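# Examination of the molecular architecture
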Amino acid sequence: MKLRDLGEFKLIDRIRRQVVDGAEVHRGIGDDAAVLSLPDGHHLLTSTDLLIEDVHFCLAWTDCETLGHKAVAVNLSDIAAMGGTPRFLYLGLACPGETEWDDINAFLNGVLNEAARHNVTLVGGDTCRSPGPWMISVTVEGSALAHQAIGRDGAQPGDLIMVSGTLGDSALALHLLRNGIEPEPELLARHHQPTAQVELGRLLGEHRLARSMIDISDGLASDLEHILQASQVDGQIEEGKLPLSECFRKHADTQPDLLGLALDGGEDYELLFTVAPEKAAEVAALCIKLNLPITAIGMIQVGSGSLSLQDKSGAVRPVLVKGYDHFCRS
Ligand code: ADP
Ligand code: MG
């Protein structure tokens, strides 16, 4: 059935019937506003992201369920980057009347499964017809103990710069797709089904291990620059320490130009954070506990927001940041 035949209210009703409310949800979908509670002594964290067809995704390259997963994961990643716990989700959805319910249902499955995996409840949203592209707006609310959310502005000289997982895989998958080459399944998964590092973010927050943190959506260099500028410090990273997957290395071995994707490629959704040296051992223990690679890639220095890179020969050069900007492509 097409949305044109189903209608807005039946669609909302179908969404509503698939949602299981969590304990903190007093009123979820179906009223003028959601009524929710947070644990005592917590602050509310809120973040929102837009996903527009042919800007953020192509329906030719992804299936609807995967798209639903990604729409949620990129939002959860923002709460993780504050050291918080994600709790509630809102879904704004605009699709053409020609859209099949089956596609929306698959998309919803992706949304609801990814939300459920992190104990997050869909508590509201809005639904409209779109004259053309799909437009998806996901808002997530989470919580962190009062005054303990980790901002971008807390980095201090001497801090180690650390990153979870591996870098550049998502951008490499996109690069291959754009060149008509089928990426390996592990690269494709990094692009279409990113994993938000929710557990790591929450634990770094709870144990006060990171002094500053951001998630990598625009690219390592660009997102690290946000930390450096917000904290008014400099940062130096070592090229040889950037964590790369085996698959990424294999491609870069034959095409060294691709190494730039580890620095500038977006959508890794790993966490980038700075840690006082005396906390490094605790972070290493966390890395074992979560079975997740965490790599120290450099150091924060006295300064005013500049990033430099030490290459494998030992030479140090300033990094020209060219992360993704929606309005100006560098
Ligand atoms: P309003 O006229 O107040 O905007 P709606 O009829 O749009 O109300 O929405 C009715 C209920 O359904 C609200 O609780 C709203 O949050 C929820 N809702 C609407 N669209 C969606 C959606 N795409 N996903 C989840 N909840 C939705
Ligand atoms: Mg509405």
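Remember, it's a predicted structure, so these values are computed and weren't measured experimentally.

## Digging into the site of ligand 1
Near ligand 1 you find 14 residues, and of these Gly30, Asp31, Leu91, Gly125 and Thr127 are the closest. Here leucine 91 contributes a backbone N or O atom positioned 3.1 Å from a nitrogen atom of ligand 1. The separation between a nitrogen atom of ligand 1 and a polar side-chain atom of threonine 127 is 2.8 Å. For ligand 1, whose free accessible area comes to 550 Å², the fraction covered by protein is 74%. Going through the elements one at a time, helix H2 (8-17) and strand E5 (121-129) are the ones with two or more residues in the shell around ligand 1. In terms of residue count, the dominant contributor to the shell around ligand 1 is E5 (5 residues).

## Overview of the pairing of strand E6 (residues 135-145)
Across the 11 residues of E6, 8 count as buried, placing the element largely inside the fold. In this sheet, E6 lies alongside strand E3 (residues 42-52) in antiparallel orientation, the contact comprising 11 bridges. Residue pairing across strands places leucine 50 opposite serine 137, the latter belonging to E6. In this structure, strand E4 (residues 85-95) lies alongside E6, joined through 9 bridges in antiparallel fashion. Bridge pairing links tyrosine 90 to threonine 139 in E6.

## Here we look at the domain arrangement of the chain
By domain assignment, the chain separates into domain 1 (6-145) and domain 2 (160-318). Listed as interface residues are 18 residues of domain 1 and, on the opposing side, 19 residues of domain 2. Buried surface at the junction of domain 1 and domain 2, summed over both partners, amounts to about 1,600 Å²; 61% is from carbon and sulfur atoms. At the surface where domain 1 touches domain 2, the tally comes to 1 salt bridge. With its nearest N and O atoms 3.3 Å apart, the salt bridge here joins glutamate 267 to lysine 70. Taken together, the links from domain 1 to domain 2 amount to 5 residue pairs in polar contact (both at pLDDT 80 or more). For the side of domain 1 that touches domain 2, the elements supplying multiple residues, two or more each, are helix H3 (64-80) and E4. A per-element tally of the side of domain 1 that touches domain 2 places H3 first, with 9 residues. Partitioned by chemical class, the residues of the side of domain 1 that touches domain 2 number 8 nonpolar, 8 polar and 2 charged.

## Examining the sheet that holds E4
Hydrogen bonds along the backbone pair up the strands of a sheet, which may run parallel or antiparallel. Strand order across the open sheet formed by 4 strands is E3-E6-E4-E5, with mixed pairing between neighbours. Looking at which strands have only one partner, the edges of the open sheet turn out to be E3 and E5. The sheet shows a mean angle of 15 degrees between the axes of neighbouring strands, direction not considered. Packing against the sheet, helix H4 (residues 101-117) makes contact with E4, E5 and E6, and its axis sits at approximately 170 degrees to E4.

About the cut-offs
Residues numbered from 1 in each chain as written. Chains lettered and ligands numbered in written order. Predicted model: local features only at pLDDT ≥ 70, side-chain atom pairs only at ≥ 80, totals over all residues. Heavy atoms only, no water. Near = heavy atom within 4 Å. Polar contact = N/O pair within 3.5 Å; in protein donor to acceptor, adjacent residues only side chain to side chain. Areas by Shrake-Rupley, 256 points an atom, 1.4 Å probe, with all protein chains shown as cover. Helix = DSSP H or I, 4+ residues; strand = E, 2+ residues; numbered from the N terminus. Buried < 20%, exposed > 50% of the residue type's maximum accessible area, 1.4 Å probe, protein only. Pairing = 2+ DSSP bridges. Domains from an automatic or database assignment. Contact = heavy atoms within 4.5 Å. Buried area = accessible area lost by both parts, 1.4 Å probe. Salt bridge = Lys/Arg side-chain N within 4 Å of Asp/Glu carboxyl O. Nonpolar A, V, L, I, M, F, W, Y, C, P; charged D, E, K, R; others polar. Axes fitted to C-alpha atoms, helices over the stretch in contact; angles between N-to-C directions.

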